[in-house]
Amino acid sequence: MLVSRRRFASTLIASAALSGCVSTSPTGRTAFTGFYSEEDDIRIGKEEGPKLTKEFGGAYTDPRIDSYVTEVGLRLAVHTEHTNFPYKFTILNSSIINAFALPGGQVFISRGLLALASNEAEMAGVLAHELGHVNARHTAERLSKATLAQVGLVVLSVAGGQGLASLAGYGAQAYLQGFSRDQEFEADLLGVRYMSKAGYEPDAMVSFLNTLRDHSMLEARMMGLPAGKVDEYNVMSTHPRTVDRVKEAQAQAQVTRQKGAAIRRQEYLDRINGMLYGDDPEQGISQGRRFVHPKMRFEYEVPEGFRLVNSPTKVTARHPDGGTIVFDTGHPKRSNSPANYIRNEWLANSSSLSNLDSITVNGIPAATATTKGSMGNKPVDVRVVALQGDGSDMFRLAFIAPSGKSSAWTTDFQRTTYSFRRLSAEEAAKVQAQRLIVVPVGKADSADKLAQTLPFGKYNGEAFRLLNDLQPGQEVTPGQPIKVIAG
């Protein structure tokens, strides 16, 4: 008898469920983990780990901090449900504030987040939360739902006798998508258990979440974004949590707080002392309104009021009134000039390309053109500039303004274009990295004075207080260890 594809699919799903694909999480929640076993978790983690590390600027290698994070992570991991997972803890060489995990025990934490944390217990809370996602097998649950959404792919794969197909193009980036509210709650519940069993103060999970929330709000203001709006890579975007829900998870965890639960502030500050802060010179550095790349030997300056943010793939500058400047690099396949590159490759599919013109910028062959586009479902006017880079590469600037308002930005955007210049070897050599330094407060020091070491201009005071876990108006005291920025 012939069986319809739909009926065959339904039979397949039902068979999968009966064969053990519905599992019970460590908290007792029923979860559909589909066709992904614990062995698959380990395989996926090992395969995608290097890709995810590369997307975030590679691993930050400092033996003192590497061993410290691994030591704390493994101290927590021995209290997890899946002690068979090959746990690995990686510090990402990124100033972005985030942490995440891949299935099978691969846990990542950025040095930007390490700089913001105030003590070992807060770091442990972040690692414990990620271990919660790993042990509840939330990625297997997400992959299973995605597989069912593409059940035709599954059916064809099984019918062809090739086994279950993996989701084409899932990629490392997809693992950073936010988990559901229930999954985040479960990760907090499990994280509190692991923290408490390892002897840490579980309230540190709440205190640091407060810091993360305040930091995301400050960052939104600095970037000219609406309150609560954060960068897609920010931990508050990939892990949307609230203090109330974390406190509820603490209550439900039903753990007994150990006497003298560990916080370890001084030990933590000693370990991160001297850590790279902000951008890595290898990836370019934002210095106020100036972006300089000593390795690729160029610099440019954005207009007053724009906030520069350097990410692994591009540099973005935003203005509160809607102006945006994006810098990245292009790799022409066949074009031999900036103008041909814009016309034939970069904007080859644009139906509104106009005003294409070859120019020279501080001796660099370049070209510019205008086009139309959309950002956040709103129409925008775009001016692009392609500049001849090293070899066949192109440096690319895209100037974006709300539709009909580009004329207000014309002069500012032109100034940025013509500020682009190549650096001499001597100039590039003078560009130094910034370091987070822990120093004792001197008798003549004040919070305002120490805040001037930070690179955030008018936001230095707020950023300094967040960096040092100080309340508004709270003053520093002589001898108190404090984080400042040098370089």
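Each remark here, short or long, concerns the structure printed above.
Read on for a plain summary of the structure. This structure is a prediction, so every number in the text was calculated from the model and none was measured.

Comments concerning the overall build of the protein chain
Item 1. Scanning the protein chain for helices and strands turns up 17 helices and 19 strands.
Item 2. Put simply, 64% of the contacts in the protein chain that link residues at least 6 apart link residues at least 24 apart.

Some points on the sheet that holds strand β19 (residues 481-486)
Item 1. Taken together, three strands build an open sheet; the order of strands is β6-β18-β19 and the sheet is antiparallel. Two strands in the sheet have a free side with no partner beyond their single neighbour: β6 (276-277) and β19.
Item 2. Here strand β18 (residues 434-440) runs beside β19; their pairing, made up of six bridges, is antiparallel. Looking at β19, one finds that isoleucine 437 is bridged to valine 484.
Item 3. Sheet contacts for helix α12 (residues 265-272): β18 and β19; angle to β19, the most-contacted strand, approximately 15°.

Remarks on unusual backbone geometry
Item 1. At arginine 137, a residue that is not glycine, the phi angle is positive and equals roughly 55°.
Item 2. Here arginine 137 is to be found in the loop between α5 (120-135) and α6 (138-149).
Item 3. Under the relative-accessibility criterion, arginine 137 is labelled buried at 11%.
Item 4. Positive phi, normally seen in glycine, also occurs at aspartate 469, with a value near 60°.
Item 5. As for its placement among the helices and strands, aspartate 469 is situated in the loop between α17 (460-467) and β19.

Comments concerning the pattern of salt bridges
Item 1. Scanning the model with the defined rule gives 21 salt bridges in all.
Item 2. Salt-bridge contacts for aspartate 40 lead to arginine 43; the nearest nitrogen and oxygen are separated by 3.4 Å. One end of the pair is aspartate 40 and the other is arginine 43, both in helix α2 (residues 38-55) and three residues apart, which spans about a single turn.
Item 3. For aspartate 40, a relative accessible area of 18% translates into the label buried.
Item 4. Of the residues examined, arginine 43 reaches a relative accessible area of 37% and is grouped as partly exposed.
Item 5. Between aspartate 445 and lysine 449 there is a salt bridge; the shortest N-O distance is 3.6 Å.
Item 6. Salt bridges linked by common partners bring Glu71, Arg75, Glu120 and Arg264 together as one network.

Definitions and limits used
- Residues numbered from 1 in each chain as written.
- Predicted model: local features only at pLDDT ≥ 70, side-chain atom pairs only at ≥ 80, totals over all residues.
- Heavy atoms only, no water.
- Helix = DSSP H or I, 4+ residues; strand = E, 2+ residues; numbered from the N terminus.
- Contact = heavy atoms within 4.5 Å.
- Pairing = 2+ DSSP bridges.
- Axes fitted to C-alpha atoms, helices over the stretch in contact; angles between N-to-C directions.
- Buried < 20%, exposed > 50% of the residue type's maximum accessible area, 1.4 Å probe, protein only.
- Salt bridge = Lys/Arg side-chain N within 4 Å of Asp/Glu carboxyl O.

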